[in-house]
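Residues per chain, in single letters:
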Amino acid sequence: MKDVRKVRGFTLIELLVVIAIIAILIALLLPAVQQAREAARRTECKNNLKQWGLALANYHDTFNVLTPALINSGRYNSTIHAATGGVKNQTGWIGLLPYIEQANMYALYNSNLPSTGSNPYSLPIVGGADMGTTNLPVTTKRLKALECPSDPSAGEDSTYLPQTSDFYSRNQAKRASYLFATGSMTDYSLHYGGYSSDLRRGMFGNNGAAKIADITDGTSNSIAIGEASGGRYKTSTHYGPWGLQGTHTGVHGYTPSGSSTVVDAANTAAYAANWGVNTAYLGDSLKRTYAWVFGSRHTGGAQFVLGDGSVRFISENIDYLTLCRLTYIADGGVLGEF
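Heads up: these notes are all about the structure in this document.

## A word on the overall build of the protein chain
Point 1. Of the regular secondary structure elements, the protein chain holds 8 helices and 9 strands.
Point 2. Overall, the protein chain is about 110 × 50 × 40 Å in size when its C-alpha atoms are taken along their principal axes.
Point 3. Classification of the 338 residues of the protein chain by burial places 51% in the buried group.
Point 4. Long-range pairs, those at least 24 residues apart, make up 68% of the contacts in the protein chain with a sequence separation of at least 6.
Point 5. Carbon and sulfur atoms make up 56% of the accessible area of the protein chain, which totals about 15400 Å².
Point 6. Across the protein chain, the 27 positively charged side chains and the 24 negatively charged ones have centroids separated by 9 Å.

## Some words on the packing of aromatic side chains
Point 1. By the definition in use, this model includes 16 aromatic pairs.
Point 2. Consider the rings of Phe167 and Tyr188, whose centres lie 6.3 Å apart with planes at 70 degrees: the pair is edge-to-face. Of the two residues, Phe167 is situated in the loop between α5 (136-139) and β3 (178-181) and Tyr188 in the loop between β3 and β4 (204-205); the sequence distance between them amounts to 21 residues.
Point 3. Their ring planes at 70 degrees and their centres at 5.3 Å tell us that Phe294 and Phe304 sit as a pair that is edge-to-face.

## Side note on a nonpolar patch on the surface
Point 1. Together, Ile13, Val17, Ile21, Ile24, Leu25 and Leu28 make up a nonpolar patch on the protein surface, roughly 610 Å² of accessible area in all.
Point 2. With respect to the helices, strands and loops of the structure, Ile24 is situated in helix α1 (residues 12-63).

## A short note on the environment of Gly85
Point 1. Looking at where Gly85 falls in the secondary structure, it is placed in the loop between α2 (80-83) and β2 (90-91).
Point 2. The spacing of Gly85 and Asn72 is 13 residues in sequence and 8.5 Å in space, taken between C-alpha atoms.

## Description of the pattern of salt bridges
Two side chains that carry opposite charge are able to pair once their charged atoms sit near each other.
Point 1. One pass over the full model with this rule turns up 10 salt bridges.
Point 2. Arg175 serves as the salt-bridge partner of Glu156, at 2.8 Å between the closest nitrogen and oxygen. Here Glu156, found in the loop between α5 and β3, pairs with Arg175, found in the loop between α5 and β3; they are 19 residues apart in sequence, far enough to count as distant.
Point 3. Glu156 is the partner of Arg232 in a salt bridge, and the nearest nitrogen-oxygen pair spans 3.5 Å. Here Arg232, found in the loop between β6 (223-227) and β7 (252-253), pairs with Glu156, found in the loop between α5 and β3; they are 76 residues apart in sequence, far enough to count as distant.

## A short note on the state of the cysteines
Point 1. Applying the stated rule across the entire model yields 0 disulfides.
Point 2. Free of any disulfide, Cys45 has its nearest cysteine sulfur in Cys148, 3.7 Å distant.
Point 3. By relative accessible area, Cys45 is classed as buried at 0%.

## Examining the pairing of strand β9 (residues 311-315)
Taken residue by residue, a regular strand's side chains alternate between the two faces of the sheet.
Point 1. Bridging between strand β8 (residues 301-306) and β9 involves 5 bridges; their strand directions are antiparallel. Within β9, the position partnered with Ala302 by the bridge is Ile314.
Point 2. In this structure, the hairpin formed by β8 and β9 is closed by a connection of 4 residues, where Gly309 is found at a positive phi of approximately 90 degrees.

## So, the nonpolar core
Point 1. Trp52, Trp93, Tyr178, Phe204 and Ile225 are the most contacted members of the largest nonpolar core, which totals 37 residues.
Point 2. Looking at this core, the elements that each hand over two or more residues are α1, α3 (92-96), β3 and β6.
Point 3. It is α1 that provides the largest number of residues to this core, a total of 6 residues.
Point 4. Among all residues touching Ile225, those that are not within four sequence positions of it are Leu49, Trp52, Leu56, Trp93, Tyr178, Leu179, Phe180, Ala181, Phe304 and Val305.
Point 5. Within the second largest apolar cluster, 25 residues are counted, among which are Tyr239, Tyr254, Phe294 and Leu321.

## Side note on the side chain of Thr279
Point 1. You can see Thr279 is positioned in the loop between α7 (272-275) and β8.
Point 2. Residue Thr279 is classed as buried on the basis of its relative accessible area of 18%.
Point 3. Setting aside anything within four residues of it in sequence, one finds Thr279 in contact with Ala272, Ala273, Asn274, Thr289 and Val293.

## Topic: the sheet that holds β9
Point 1. Pairing in this open sheet of 5 strands is mixed, and the strands run β7-β3-β6-β8-β9 from one edge to the other. Across the chains shown, the open sheet's two edge strands, defined by having one partner strand only, are β7 and β9.

## Focus on unusual backbone geometry
Point 1. For the bond from Gly240 to Pro241, the omega torsion is 15 degrees, close enough to zero to count as cis.
Point 2. You will see that Glu101, though not glycine, has its phi angle at about 65 degrees, which is positive.
Point 3. Its place among the elements puts Glu101 in the loop between α3 and α4 (103-108).
Point 4. Non-glycine residue Lys287 carries a positive phi angle of around 60 degrees.
Point 5. Its place among the elements puts Lys287 in the loop between α7 and β8.
Point 6. By relative accessible area, which is 64% here, Lys287 ends up exposed.

## Brief notes about the environment of Glu44
Point 1. Inspection of the secondary structure assignment puts Glu44 in helix α1.
Point 2. Placed 188 residues apart in sequence, Glu44 and Arg232 show a C-alpha to C-alpha distance of 23 Å.

What counts, and at which threshold
All residue numbers here refer to positions counted from 1 along the written sequence of the relevant chain. Totals for whole chains, interfaces and linings use all residues, but because this is a predicted model, local features are given only for residues with pLDDT of at least 70 and pairs of side-chain atoms are given and counted only at 80 or more. Side-chain numbers come from the whole structure's heavy atoms, not from hydrogens or water. Secondary structure elements are defined from DSSP: runs of H or I of at least 4 residues count as helices, runs of E of at least 2 residues count as strands, and each element is numbered from the N terminus. For every residue, the accessible area (1.4 Å probe, protein chains only) is compared with the maximum for its type, and the residue is labelled buried under 20%, exposed over 50%, or partly exposed between those bounds. Residue contacts are counted whenever heavy atoms from the two residues lie within 4.5 Å of one another. With residues, only the protein chains shown are counted as cover, and all accessible areas are computed by Shrake-Rupley using a 1.4 Å probe. Residues counted as positive are Lys and Arg, residues counted as negative are Asp and Glu, and His and the chain ends are not counted. Taken as the charge location is NZ of Lys, CZ of Arg, CG of Asp or CD of Glu. Only the six-membered ring of Trp is used, alongside the rings of Phe and Tyr, when aromatic pairs are assigned; centres must lie within 6.5 Å, and planes under 30 degrees apart are stacked while those over 60 apart are edge-to-face, with the rest tilted. Here the term patch refers to residues with relative accessible area over 30% and no salt bridge, with like charges joined within 9 Å and nonpolar side chains (Val, Leu, Ile, Met, Phe, Trp, Tyr) within 5 Å. What makes a salt bridge here is a side-chain nitrogen of Lys or Arg within 4 Å of a carboxyl oxygen of Asp or Glu, nothing more. Disulfides are defined as cysteine sulfur pairs within 2.5 Å. Two strands qualify as a pair provided that DSSP identifies no fewer than 2 bridges between them. In these notes, a set of buried Ala, Val, Leu, Ile, Met, Phe, Trp, Tyr and Cys residues joined through side-chain atoms within 4.5 Å is what counts as a nonpolar core.

Below you can see the structure in the form of structure tokens.
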């Protein structure tokens, strides 16, 4: 007699139940995995900023002053460029390269030639027709220390026509994720020394920057560098950060207010709608930020390195007056927790 054994399998209902349970578990685990990945990206971004903070300290130890945000800006419409060698558009990141273990990269950069030909006012430009071509081996490189891994726009290659003389002239530039805190000054502004009595002066400026002794609000109360996301997150894809090429809006982090002598709620309120951390430009239906605005792709705010080298996550809900006081190095304002 044949031994017939009954083999029992899954019924269709049981199989569907198992699949449903697995799907629920995946749905429960996915947010945790995404949060863990974002935490890792945020930590990497924090480490980038710490690296730049240390570079600033070492630069200051060497020169007893911080690096300019930009040297000989092509958007500062003045005859002064004729006396200082011509438009250069050299960014502060270039000057910091030796202090982030990129001395070989720095050695390739010719400081007697521009980083880009952005020169809409037809000012004298150092090197004439060179327009930044000689420095392309440096200015077209991706530098991971300038890229937040949470920023999808970081490292994007510029496709704008090179070798032009307009505001946004750039040649294969790579998007960055960080801006220098320049207070109420931009690449249009005059040289840093011209704002010695302006309370809105930031740590960095054009053709100059602060000494540690100038930061009378305290280095632990003053922002040096902060995050910013360009590309599709700005109201124009032309807007920076652009890192190693000093084109228009490429390196300045801007926090404007209405008075050079008084920093208070009355003089900052009108600017809060457009210039706060992650603040969308007023009226933009896509909620994008304007040029020069600090912000990030981290949820709820952005990371900043302060003058003492510490890195802080600052909420996008921070009071705009407080943000201004953090980016102004000698306004005399009293800060609480931020």
